[in-house]
Structures are given as structure tokens and as C-alpha cells.
Amino acid sequence: PTGIKVKKALTKEQLGNLFETKPSSIFQQKAKDFFFFSYICNGMNIKDIALLRFEQLGPEFFWFEREKTKDTISNPKRITVPLVTFSKNVIKKYQTKNGSPDDFVFSIISKTDDAKERRRKIQKFTRFINQHVKALAASIGISKDISVQFARHSFVTRAVQEGFGLEFVGEALGHTDVKTTQSYFAGFEDSTKRELSEKLLNFGKKH
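What counts and how
Residues numbered from 1 in each chain as written. Predicted model: local features only at pLDDT ≥ 70, side-chain atom pairs only at ≥ 80, totals over all residues. Heavy atoms only, no water. Helix = DSSP H or I, 4+ residues; strand = E, 2+ residues; numbered from the N terminus. Buried < 20%, exposed > 50% of the residue type's maximum accessible area, 1.4 Å probe, protein only. Contact = heavy atoms within 4.5 Å. Areas by Shrake-Rupley, 256 points an atom, 1.4 Å probe, with all protein chains shown as cover. Core = buried A, V, L, I, M, F, W, Y, C linked by side-chain atoms within 4.5 Å. Polar contact = N/O pair within 3.5 Å; in protein donor to acceptor, adjacent residues only side chain to side chain. Pairing = 2+ DSSP bridges. Salt bridge = Lys/Arg side-chain N within 4 Å of Asp/Glu carboxyl O. pLDDT = per-residue confidence, 0-100.

Q: Can you walk me through the overall build of the chain in this structure?
A: Tallying secondary structure elements over the chain gives nine helices and two strands in all. The buried share of the chain, reckoned over its 207 residues, is 40%. The contacts of the chain with a sequence gap of at least 6 include a subset with a gap of at least 24, amounting to 61%. Here the chain displays about 12800 Å² of accessible surface, and carbon together with sulfur accounts for 53% of that area.

Here it is as C-alpha cells:
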């Protein structure tokens, strides 16, 4: 038997509550900002956020190639991400000041770091986000063991629940196989299932 992949997605209500909650420290604020930056930017993982350069930014979009898969497939996909008010504000707030086109947007890692040092810094920043988002979530009664992975899974689940097909979402994630995308999807909420059930006998006829 194959193993069961745990679905790490927050509900729409949980996401809304977490987004509206006021952090108790600047550390929680930063962790929250990057958690939701990942969520709103196609579930972008922290390594790809760390490697984002100014030359990849446009006024309304940015692009990147997933570091996780670009060396394992012959023709890696370039993922285009629309910039909305929230993501623009996060970039403005945390970007490296006066950066040149080949500089990293965020100061998570440095151009002078070797591969080992970059990996260490990215892991450290990931732990920072996990620690403080978990504390923020716990303060409002969300007891799940939240991590940055929840941002990616929540993006997939919310996108599909909002009516965007798995193929569309898979393209946004840079997946080459829809089965990979499906493994992130946590299913539809009970309220959506009830809404469908109530519509099934509504044939548009007047009785």
C-alpha cells in the first residue's frame, strides 16, 4: 500500500482569521508577512523566495523557475506570478535597498554565500517563519502544526475551491503532472458540498 500524504491546508475561515490577527511582535509580523507572501505568490517556497532577484521583477508580475525541479527536468517551466497590493507591499517593506538587477530582492542570503551557507540561511529563515506563525496561529486557537508548507497547500486548495481547475493550478505551481498537484489538494469544505446538494434538485423550473 502507498503512504498517505497529509494535506497541509488551512480552511478559508482559518486563513482569514490568521490574516486579520494582529501580531504581538515584529518577529510574528515578519513571519506572517512571508507566510502570506508565499501563499499569494502561487504557494512559492522559501528557497525560491530567497533566490528571487530584482531582474525577475516587473511592475505587475515577476517570474521564477523552481529551484527544486529545474535541474531534474530538461525544460524547466518559468512560473509567472501576478503582483497584487499585498505582495508589492511585502517587497517594498523587506527588499534590499538600492539593489542592482542581479541582487537578491530579500536579504535572506547573500551573493557571496557558497551553497552550504545559502542552505543554512534558508533553513534558518524557514524555521523562523514556522516558529512565529505557529505562535500567532495558536493565539487564535488554530492548533495545527503550521509551517510554510501550509501556505503552498492552502494556495492549491483555495484555488481549486474557487473554481480554478487542477491543470491551471498545476501550471501556477510549475508541476509537470496533474497528479502532483492533486496530492496537495485537501478537498472541498463541507459548506461547499452542502451548497451543491441543495442545488442538485434545482432545475430552474417553477412549481
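Q: I keep staring at the nonpolar core and nothing clicks. Help me out?
A: Grouped burial of nonpolar side chains is what soluble globular proteins tend to show. Core analysis: the biggest nonpolar cluster contains 45 residues, and Phe-35, Phe-62, Phe-106 and Ile-129 have the highest contact counts within it. Every element with two or more residues in this core is listed here: α1 (12-20), α2 (26-40), α3 (46-50), β1 (61-64), β2 (79-82), α4 (85-94), α5 (115-138) and α6 (149-161). It is α5 that contributes the most residues to this core, seven residues altogether. Look past the residues within four positions of Phe-35 in its chain and what remains in contact with it is Leu-10, Leu-18, Ile-129, Val-133, Ile-146, Ser-147, Val-148, Phe-150 and Ala-151.

Q: For this particular structure, what's the right way to read the side chain of Asp-103?
A: Structurally, the position occupied by Asp-103 is in the loop between α4 and α5. Residue classification places Asp-103 among the buried residues on the basis of a relative accessible area of 18%. Side-chain polar atoms of Asp-103 contact the side chain of Lys-111, separated by 2.9 Å. The residues contacting Asp-103, other than those within four sequence positions of it, are Leu-52, Arg-53, Phe-54 and Lys-111.

Q: Honestly, the pairing of β1 in this entry has me stumped. Any pointers?
A: The side chains of a regular strand alternate, residue by residue, between the two faces of the sheet. Covered by surrounding structure in β1 are Phe-62 and Phe-64 only, the residues Phe-61 and Trp-63 on the alternate face being uncovered. With four bridges joining them, β1 and β2 adopt antiparallel strand pairing. Paired with Phe-62 across the bridge in β2 is Val-81.

Q: For this particular structure, what's the right way to read the pattern of salt bridges?
A: Side chains carrying opposite charge are able to pair once their charged atoms draw close together. Scanning the entire structure with this criterion turns up seven salt bridges. Where Asp-113 meets Lys-121, a salt bridge forms, and the shortest distance between an N and an O atom there is 3.0 Å. What makes Lys-121 partly exposed here is its relative accessible area of 23%. In this structure, a network of salt bridges that share partners links the residues Asp-102, Asp-103 and Lys-111.

Q: Just checking my understanding: could you explain the confidence of the model for the chain for this structure?
A: Should the pLDDT be low somewhere, the predicted coordinates at that spot are not to be read in detail. Confidence in the prediction for the chain averages 81 pLDDT; 71% of positions are at 70 or higher. Note on residues 1-5: pLDDT is under 50 here. Beyond four places in sequence and across chains, it has three contacts. Confidence drops under pLDDT 50 across residues 183-188; counting only partners more than four residues distant or on other chains, this segment forms 22 contacts.

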